[in-house]
Amino acid sequence: MKHGTGRELVKSFAPVRFIARRATGDGSAPGRSTPSADQADEFRRLILPHLDGAYNLARYLTRDPTLSEDIVQDAMVRAFRAFAQLRGGSPRAWLFAIVRNCCRTAMAVSLTAHESEFCEEVAARADPSLTPEDEALRTSEIERVRLAIEAIPEPFREAVVLRDLEELSYAEIAAVTLVPIGTVMSRLARGRGMLAKELLPSNGTSDGQARSAS
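Since the model is a prediction, treat every value here as computed from it, not as a measurement. (Residues numbered from 1 in each chain as written. Predicted model: local features only at pLDDT ≥ 70, side-chain atom pairs only at ≥ 80, totals over all residues. Heavy atoms only, no water.)

A short note on the overall build of the protein chain
Moving on, step 1. Scanning the protein chain for helices and strands turns up 11 helices and 0 strands.
Moving on, step 2. Reading the secondary structure of the protein chain in the N-to-C direction produces α-α-α-α-α-α-α-α-α-α-α.
Moving on, step 3. Evaluated residue by residue, the protein chain yields a buried proportion of 40% over its 214 residues.
Moving on, step 4. Relative to all contacts within the protein chain whose residues are 6 or more apart in sequence, the contacts with residues 24 or more apart total 74%.
Moving on, step 5. When the accessible area of the protein chain is evaluated, it comes to approximately 11900 Å², of which 53% is carbon and sulfur surface. (Helix = DSSP H or I, 4+ residues; strand = E, 2+ residues; numbered from the N terminus. Buried < 20%, exposed > 50% of the residue type's maximum accessible area, 1.4 Å probe, protein only. Contact = heavy atoms within 4.5 Å. Areas by Shrake-Rupley, 256 points an atom, 1.4 Å probe, with all protein chains shown as cover.)

Given below as structure tokens:
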């Protein structure tokens, strides 16, 4: 991996894609009337393009790929029910705020962690132009970046994921996390610094000094 800024290191990790589970029913929300075709079309146009990003955010916040699938399913149902409340602003930030709230609720109910399936998912997206040795090295480096991000305390991890992986603006992140833009910038700077200490060469310092506390 080429060494660079904290953001470049984060961007070397490709977000995991969300695969929706097969619905067991007709998809209608219990006790709700069937939405109009216009509303459904608008929802698909504005919200569904951000489905992968929503899953990526949930996975980093919970560190649990299986729980993240449930969270995104729940968040999409809630987003659809509340879609009429979206009036201007960023649809992506609006959806991510719902995902974030669903993560808080889910994590308060269940703290059970599941073994990550990250390596298998990376292998499924393998670049055919790479040799097996190159692919193994790439997988190892991506896993290293992912683990470094997950080791960052939550407020800083959240800022790094939203900005450097999902590329939200500072204003959008402030809207999602409900903190001032100055706080967003401070958290992002600290998060990137933590990643740099984990991932970049120590420049002669001891290993203990080069590693940040998780």
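Overview of the packing of helix 3 (residues 51-62) against helix 8 (residues 154-165)
Moving on, step 1. One way to put it is that helix 3 packs onto helix 8 with a least axis distance of 10 Å and a crossing angle of 160°. With respect to helix 8, the axis of helix 3 lies roughly antiparallel. Helix 3 and helix 8 meet at a crossing whose hand is right-handed. Where helix 3 abuts helix 8, its residues Asn56, Leu57, Tyr60 and Leu61 lie against Glu154, Arg157, Glu158, Val161, Leu162 and Leu165.
Moving on, step 2. Split into classes, the residues belonging to the contact of helix 3 with helix 8 amount to 6 nonpolar, 1 polar and 3 charged. (Axes fitted to C-alpha atoms, helices over the stretch in contact; angles between N-to-C directions. Parallel < 35°, antiparallel > 145°, perpendicular 65-115°, else oblique. Left-handed = near helix turned anticlockwise from the far one by under 90°. Nonpolar A, V, L, I, M, F, W, Y, C, P; charged D, E, K, R; others polar.)

Digging into the packing of aromatic side chains
Moving on, step 1. The tally for this structure, following the rule as stated, stands at 3 aromatic pairs.
Moving on, step 2. Judged by centre distance (5.0 Å) and plane angle (90°), the rings of Phe43 and Phe80 are edge-to-face. Of this pair, Phe43 sits in helix 2 (residues 37-46) while Phe80 sits in helix 4 (residues 65-81), and the two are 37 residues apart along the sequence.
Moving on, step 3. Consider the rings of Phe43 and Phe83, whose centres lie 5.4 Å apart with planes at 85°: the pair is edge-to-face. Here Phe43, found in helix 2, pairs with Phe83, found in the loop between helix 4 and helix 5 (91-109); they are 40 residues apart in sequence, far enough to count as distant. For the residue pair Phe43 and Phe83, the accessibility class agrees, reading buried in each case.
Moving on, step 4. One aromatic cluster is present, formed by Phe43, Phe80, Phe83 and Trp94 through successive ring pairs.
Moving on, step 5. One cation-aromatic arrangement involves Arg163 over Tyr170; the distance from NZ or CZ to the ring centre is 4.7 Å. (Phe/Tyr/Trp six-rings, centres within 6.5 Å; stacked < 30°, edge-to-face > 60°. Lys NZ or Arg CZ within 6 Å of the ring centre and 35° of its normal.)

Focus: the confidence of the model for the protein chain
Moving on, step 1. In this model, the protein chain carries an average pLDDT of 75, and 63% of its residues clear a pLDDT of 70 or more.
Moving on, step 2. Averaged pLDDT values over the elements of the protein chain bottom out at 44 in helix 11 (residues 207-210) and peak at 93 in helix 9 (residues 170-177).
Moving on, step 3. For residues 111-119, every residue scores under 50 in pLDDT, and the model assigns this stretch 19 contacts once sequence neighbours within four places are set aside. (pLDDT = per-residue confidence, 0-100.)

Quick notes on the side chain of Arg157
Moving on, step 1. When you line up the elements, Arg157 lands in helix 8.
Moving on, step 2. Other than its neighbours up to four places away in sequence, Arg157 contacts Tyr60, Leu61, Arg63, Ile149, Glu150 and Ile152.

Focus: the pattern of salt bridges
Moving on, step 1. The tally for this structure, following the rule as stated, stands at 10 salt bridges.
Moving on, step 2. Between Arg45 and Glu42 there is a salt bridge; the shortest N-O distance is 2.6 Å. One end of the pair is Arg45 and the other is Glu42, both in helix 2 and 3 residues apart, which spans about a single turn.
Moving on, step 3. Asp164 serves as the salt-bridge partner of Arg192, at 2.6 Å between the closest nitrogen and oxygen. (Salt bridge = Lys/Arg side-chain N within 4 Å of Asp/Glu carboxyl O.)

Points about the packing of helix 8 against helix 9
Moving on, step 1. One can describe the packing of helix 8 onto helix 9 by two numbers: an axis separation of 10 Å at closest approach and a directional angle of 135°. One way to sum up the angle between helix 8 and helix 9 is to call them oblique. Relative to helix 9, helix 8 is oriented so that their crossing is right-handed. Between helix 8, through Glu158, Ala159, Leu162 and Arg163, and helix 9, the contact on the second element is made entirely by Tyr170, Ile173, Val176 and Thr177.
Moving on, step 2. Of the residues contributing to the contact of helix 8 with helix 9, the split by class is 5 nonpolar, 1 polar and 2 charged.

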